[in-house]
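Here is what each chain is made of, one letter per residue.
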Amino acid sequence: MKISLDWLREYVAWEDTPAELAAKLTAAGLNVEGIEEYRQSFPGVVVARVVHREQHPNADRLSLCRVDDGSGAEVQVVCGAPNVREGLTVLFAQVGAVLPGNFKIKKSKIRGVESFGMICSASELELSAEGDGIMELATELPAGTSADEIYGFTDTVLDIEVTPNRPDWLSHVGVAREVAAIYGTKVSMPYKWNSQQSGENLGVKVQIEDYGDCRRFTAYGIQNAVRGPSPKWMQDRLRAIGSRPINNLVDITNYVMFELGQPMHAYDRAKLSGGVITIKRAEAGLTVQTLDDQERKLDEGTLLICDEAGPIGLAGVMGLANTEVGPETTEILLESGFFDPMLVRQASRGLGLLSEASYRFERGADWDMVETAALRALYLFQELAEARIVPDWADRGDPDYRPAPDIPLRVWQVSRLLGAEISTDQAAQYLQALGLKVQPMGNPGAVSANAVNMMVKVPSFRRDLHQEVDLIEEIVRSHGLDNLGGGDFRGGAGGVPADRDLQLRKARTWFAACGYHELVTSSFMGEKDHEHLGLPEEDIRRETISVINPHHGGDTRLRTVLLPSLLQVARRNVNAGAALPLRLFQINRTYLPAGEKRPDMKREDEALLPEEPLFLQFALIGSREVGMGGVPADLLEIKGTVEALATFLRVPLAVEPVGTERWLQDGAQWRIVADDQVVGTAGRVVADIAGNFEVEVPVAVAEINLDRLALRPLPLKYEGFARYPAIKRDLSLLVPGAVRYGTIRDKVQEVGGPLLRRVDLFDIYRGQGVPEGFGAYGIRLKFSSAKGSLKGKAVDKAIEGIIRGLKEGLGIEQRV
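Definitions and cut-offs
- Residues numbered from 1 in each chain as written.
- Predicted model: local features only at pLDDT ≥ 70, side-chain atom pairs only at ≥ 80, totals over all residues.
- Heavy atoms only, no water.
- Pairing = 2+ DSSP bridges.
- Helix = DSSP H or I, 4+ residues; strand = E, 2+ residues; numbered from the N terminus.
- Contact = heavy atoms within 4.5 Å.
- Axes fitted to C-alpha atoms, helices over the stretch in contact; angles between N-to-C directions.
- Core = buried A, V, L, I, M, F, W, Y, C linked by side-chain atoms within 4.5 Å.
- Buried < 20%, exposed > 50% of the residue type's maximum accessible area, 1.4 Å probe, protein only.
- Salt bridge = Lys/Arg side-chain N within 4 Å of Asp/Glu carboxyl O.

Thoughts on the sheet that holds strand β37 (residues 756-765)
Turning to step 1, where the next piece is worked out: With respect to topology, 4 strands assemble into an open sheet ordered β37-β38-β36-β39, the strand pairing being antiparallel. Edge positions in the sheet fall to β37 and β39 (813-814), since each has one partner strand and no second.
Turning to step 2, where the next piece is worked out: By the bridge criterion, 10 bridges tie strand β36 (residues 727-736) to strand β38 (residues 774-783) in an arrangement that is antiparallel. Along β38, the bridge assignment pairs R729 with L781.
Turning to step 3, where the next piece is worked out: Sheet strands in contact with helix α18 (residues 741-751) are β36, β37 and β38, and its direction is about 150° off that of β37.
Turning to step 4, where the next piece is worked out: Sitting on the sheet, helix α19 (residues 792-810) touches β36, β38 and β39, and the angle it makes with β36 is about 15°.

This is the structure:
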């Protein structure tokens, strides 16, 4: 759809440049594919006056004229128009002018007489499709004035890609609604005829054989219409979007179609037979002539508009030549209807006849716009064609038609899906700005899964809105995709923020896909669990809170750590002969009376409540395999799972080879860090501690305190595909035992230079041929450049810098 900004400003105001407007429309879902600067100009065409006219000496139908074009000398020109005469003010194309169609004006000799230019008709300048003679100007502008001062026009046109579910965007008013919503302004609807029925009779009845084929059909009478050129503003706007003006009687229906999105058709009332219009299917073998003067054989079942003598139009596609509005037309029957999209599409495709009307009807009509557009057209017929509108009309509609039902909206659901807190007022404002009507339910502050905050009435032009999630999509468009996830909405399950709730559901799905089984464990712990874990007396997790008068008869202390519950499940599964290794995970809370207190306490007794941190714990149980470098495979898997989880959820988790957790082995544990804050631990459980819970197989475990971790996903960054091939080189390094791989990687990235793209560890070896206290590490380096293919010398230089940096900084030698 081409949208003229000059035209659009009639309905809505904005302040941005066309490029800025286009960017905001695209962000709101209207993909602006192009911005065109339209200019209607006539270089070399000027106002001139016919000073003298005489008969051409060698041709009966030609005139020999002299014109004053403001150049100071009269110009001789041969003219074939029947209406040329002395004293006439005309548009004159001087020698050298280039008219539409790349038609160049040259000095020529016509029937033996020289001619120095051309007196122009409206059709030759493409100012009208009709032009039997030259243009007669009623202007006081002096000779030599450029035609641009009269007919010049500039505009900016947006080319918008319209999706099939949004036919309302196939109009300037439809796009104006979106602009108004973006800029917080209002849409000014165009004037329309003030319809009031009287005792006068239209003289036409409408019959619809099947309301499934035609939901609504209206007909209006127009009398005493004066045919002529459309006003300049209408012609300019139609040309800017690529539609050719013809005359006022034809242009009005086209203009309203591009303005409001509803196609209509005007019939010459004098050419209609009888007083009944019927909408029905075609019989087999029927042939008609369409407005483009083509004979077309119709398929059986094609939807037709017929008078008492036969077909007068292909419903929703094109009118027929037998009722075409012509030069003699003064009375018109105006049609505006609602046709079945599938039937219109079948007729259009079957006949190879694609029209602006069929393009819109195929996407579905607007019940209310059927009448609104007709009234708008009637107003323009009054204003531009001096017509009289018959104060009676026919309106036949499906008696079973019902407007779309109101849609309930829960603000809780809006905020949950957006990952940002949206208030009831915000949601209502977004929807009202888009033309939807909102009925509050009297509970604006209610935020729960079952609280309906408002009922939303869907206007007839939004046939794509059917359920709550459709409304939420509209709110997302208005709120802005860039603003999603910007709040801390606490409307998720169990008091978890909505974005975290979504992330946790994703994490559960991911762990299950990776072969992990989720645990549901008791919130209580045994009396000796702290001793079995080896917790020191000063550890705040030693302090517990107990339940008074428990009904279950078991443990009464709320747990302060998750590990005992995990080990109990592991023991039962191992003893039951479950296949090893077991992969288990749980997302549960602990309860710390000595933990941090809430800063927003409203009552003193709230200080007695424990801190309830939410933990993610996952473990690998019973793996005895050994991985690269002699490291236990379960440790490598747990570390890799932390890193893979961070990548999947797009959260900044990293592992550092230090830790002080009593139940994890020294030298076999890490702390988990996010944004320079410790959020968890990972490692292998001390064998004796696992034995205290009667677990006799290795256990590797990781725990992450989710309350310390912002689970809001980091924004995605996209990079283009590499245009040039990469070069990979392997290095074998002799590494002192105290140096860890993470330190090696960081140093390589530091000194590797701008061509280094990636560092990977592929081997660790300790044994024969390697000095005691050292390890042999194999690393793979990847180099590439966005500017072109790399040369070996550039890569060799980078590797020399890496080897030098490792030796000087870490005492690492290259192993040959």
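Focus on the nonpolar core
Turning to step 1, where the next piece is worked out: Ranked by internal contacts, the top residues of the largest apolar core, which has 54 residues, are L8, L158, I222 and F381.
Turning to step 2, where the next piece is worked out: Residues within four places of F381 in sequence aside, it is in contact with I222, L249, I252, I332, E386, A387 and I389.
Turning to step 3, where the next piece is worked out: V206, F217, L304 and A394 belong to the second-largest nonpolar core, a separate cluster that totals 38 residues.

Let's talk about the pattern of salt bridges
Turning to step 1, where the next piece is worked out: For the structure on display, the rule yields 42 salt bridges.
Turning to step 2, where the next piece is worked out: For the salt bridge of R237 with E10, the shortest nitrogen-to-oxygen distance reads 2.4 Å. Of the two residues, R237 is situated in helix α5 (residues 232-240) and E10 in the loop between α1 (5-8) and α2 (18-27); the sequence distance between them amounts to 227 residues.
Turning to step 3, where the next piece is worked out: Take E10: its relative accessible area is 35%, and that puts it in the partly exposed class.
Turning to step 4, where the next piece is worked out: When the shortest N-O distance is used, the salt bridge between R684 and D634 registers 3.0 Å.

Notes on the pairing of strand β3 (residues 45-55)
Turning to step 1, where the next piece is worked out: Of the strand pairs in this sheet, β3 and strand β6 (residues 89-93) are connected by 5 bridges, and their pairing is antiparallel. Within the sheet, the bridge partner assigned to R49 lies in β6 and is T89.
Turning to step 2, where the next piece is worked out: For β3 and strand β4 (residues 63-68), the ladder comprises 6 bridges, and the chain directions are antiparallel. Bridge pairing links R53 to C65 in β4.

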